[in-house]
Amino acid sequence: MRFLRRDLDEPDSRILPQMLIETLSMLEEDCLILAPGEVPIFITPGAESLGILKDAKIQSSELLATIRVVRRTHNQQVGKIEIPRGPIGEGKHELTFKVMPLTKDDLVLVLISDESEAQRVHDVRRDFVANISHELKTPIGALSLLSEAVLGSKDDPESVVKFATRMQSEAKRLTDLVQEIINLSRVQDSDPLQLAQEVSVEYIIREAIDQCQISADNRNIAVTYSESTDARVLGDRDQLIMAVHNLIENAINYSPENTKVSITASVDVGIIDISVTDQGIGISESEQDRIFERFYRVDPARSRQTGGTGLGLSIVKHVAAKHGGEVKVWSIENIGSTFSLRLPIYEPSTESSK
Ligand code: ADP
């Protein structure tokens, strides 16, 4: 763990003992040392990227209140806080913290850990495994029935070809499902903001369009993106491409042939809005909240036909939240839908952690 050192302005400036710094660097938790007036004099990079400080001030009123109690009582206190991952969306860092007096001269140590995040991942995984078992049973059951049918018709080459072809499509479905499950669990487990890369939004969109070109051509759907943007975002490039890809792939799958899918990228006060609009079947208002749930499909038969797994939008939702953003939908049945992935723009001059 690397420490950033923040010296106080005179006359409060003081040197922390090297042994203390070395001891703290061995801890798993991130930490913050505060001088009187809650001025940070040391902060680990991990703590800095959690967004606890803004302009060198502690943002959470709960954390500030706890620090004041510790200053008054000289007793250690523990607590939990939620910090937004970005200026929009529901993504949150759920943190547990421990505040303790460090010295008689009023230094306070704050230890921060993401234990609650680990607990949440554990709960999500438990529910997920239950859903997956159910979803996997369908293609596996079909494969087993079809293999019996092949055996039962070994003297009838036409039937063998028919059943074997269906076996191929069930096997493909199984492969797609397993791949999507792997994608979703990777997105759920990772923290793209911790090992973030700077990624060009233009690159994300162009790459996602390229990946959808074959499906678009097969259905004679024109995918257009005529703008260009120099916006950049911080995060995991492959996850961001996967999210935009899923939105475009859905726009193609849930639209009639010979229609258009258009993509736009617009800036709205520090946020880049990547929108995918189709002229498709649309989604009724009552279903619009549910489509982001894992394995939820409005019309399971149609989703099955297009090779849908019911996981695409839940992957988009997780990618958005993990990047401090959000995904929104506007849709009217039989007219079309617009899905917008909104992400905080990376502006190096205002970014304190880089
Ligand atoms: P799937 O793999 O079934 O497409 P998703 O999670 O990507 O799963 O989407 C969930 C459901 O939301 C789909 O089954 C479909 O009913 C609906 N949906 C998603 N995108 C669109 C769209 N652009 N137009 C109409 N319906 C959509």
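Bear in mind the structure is a predicted one, so any value in this text is a computation, not a measurement.

J.: Tell me about the overall build of the protein, and name the residues and values.
T.: Within the protein, the secondary structure is distributed over 10 helices and 15 strands. If one aligns the C-alpha atoms of the protein with their principal axes, the spans along those axes are about 90 × 45 × 35 Å. Burial statistics for the protein: of 354 residues in total, 46% are counted as buried. Counted over contacts in the protein with a minimum sequence separation of 6, partners at least 24 positions apart contribute 65%. For the protein, the accessible surface area stands at approximately 19200 Å², while carbon and sulfur atoms represent 51% of it.

J.: Please set out the site of the ligand residue by residue, giving values where relevant.
T.: Surveying the vicinity of the ligand reveals 20 residues, the closest of which are Asn250, Tyr254, Ser303, Thr309 and Gly310. Taking valine 298, its main chain carries an N or O atom lying 3.1 Å from an oxygen atom of the ligand. Leucine 313 is positioned such that a nitrogen or oxygen atom in its backbone is 2.8 Å from an oxygen atom of the ligand. Protein chains shield 97% of the accessible area of the ligand, which is 530 Å² for the free molecule. Among the elements of the structure, α7 (237-253), α10 (312-322) and β15 (336-344) are those that each provide at least two residues to the shell around the ligand. Split into classes, the residues belonging to the shell around the ligand amount to 10 nonpolar, 8 polar and 2 charged.

J.: Residue-level account of the packing of α7 against α10, with values.
T.: Running from amino to carboxyl end, α7 crosses α10 at an angle of 140°, the nearest separation of the two axes being 9 Å. Considering how the two elements wind past one another, α7 and α10 form a crossing that is left-handed. Across from Gln239, Leu240, Met242, Ala243, Asn246, Leu247 and Asn250 in α7, the residues of α10 making contact are Gly312, Leu313, Ile315, Val316 and Val319. When the residues that make up the contact of α7 with α10 are grouped by side-chain class, the tally is 8 nonpolar, 4 polar and no charged.

J.: Hey, could you go over the domain arrangement of the protein for me, with residue numbers and the actual values?
T.: According to the domain assignment, the protein consists of domain 1 (4-113), domain 2 (115-189) and domain 3 (193-354). Once you take the C-alpha centre of each, domain 1 and domain 3 turn out to be 37 Å apart. At the interface, 9 residues of domain 1 touch 11 residues of domain 3. Of the roughly 870 Å² buried between domain 1 and domain 3, counting both surfaces, carbon and sulfur atoms make up 59%. For the pair domain 1 and domain 3, the interface holds 0 salt bridges. Summed over the shared surface of domain 1 and domain 3, the number is 0 residue pairs in polar contact (both at pLDDT 80 or more). Here the residues of the side of domain 1 that touches domain 3 are counted per class, giving 2 nonpolar, 4 polar and 3 charged.

J.: Outline the pattern of salt bridges, supporting the account with residue identities and numerical values.
T.: Under the defined criterion, the tally for this structure stands at 10 salt bridges. One salt bridge in this structure joins arginine 297 and glutamate 135, with 3.3 Å as the shortest N-O distance. Pair noted here: arginine 297 is in the loop between α8 (285-288) and α9 (300-305) and glutamate 135 is in helix α4 (residues 115-152), with a separation of 162 residues, a long-range link. Pair check on accessibility: arginine 297 and glutamate 135 agree, each one buried.

J.: Explain the packing of helix α5 (residues 157-189) against α10 residue by residue, including any values.
T.: At their nearest, the axes of α5 and α10 sit 9 Å apart, and the two run at 20° to each other. Considering the angle they form, α5 stands roughly parallel to α10. In terms of crossing hand, the pair formed by α5 and α10 is left-handed. Of the residues in α10, those touching α5 at Glu180, Asn183, Leu184, Val187 and Gln188 are Gly312, Ser314, Ile315, His318, Val319 and Lys322. When grouped by side-chain class, the residues that make up the contact of α5 with α10 number 4 nonpolar, 5 polar and 2 charged.

Parameters at a glance
- Residues numbered from 1 in each chain as written.
- Predicted model: local features only at pLDDT ≥ 70, side-chain atom pairs only at ≥ 80, totals over all residues.
- Heavy atoms only, no water.
- Helix = DSSP H or I, 4+ residues; strand = E, 2+ residues; numbered from the N terminus.
- Buried < 20%, exposed > 50% of the residue type's maximum accessible area, 1.4 Å probe, protein only.
- Contact = heavy atoms within 4.5 Å.
- Areas by Shrake-Rupley, 256 points an atom, 1.4 Å probe, with all protein chains shown as cover.
- Near = heavy atom within 4 Å.
- Polar contact = N/O pair within 3.5 Å; in protein donor to acceptor, adjacent residues only side chain to side chain.
- Nonpolar A, V, L, I, M, F, W, Y, C, P; charged D, E, K, R; others polar.
- Axes fitted to C-alpha atoms, helices over the stretch in contact; angles between N-to-C directions.
- Left-handed = near helix turned anticlockwise from the far one by under 90°.
- Domains from an automatic or database assignment.
- Buried area = accessible area lost by both parts, 1.4 Å probe.
- Salt bridge = Lys/Arg side-chain N within 4 Å of Asp/Glu carboxyl O.
- Parallel < 35°, antiparallel > 145°, perpendicular 65-115°, else oblique.

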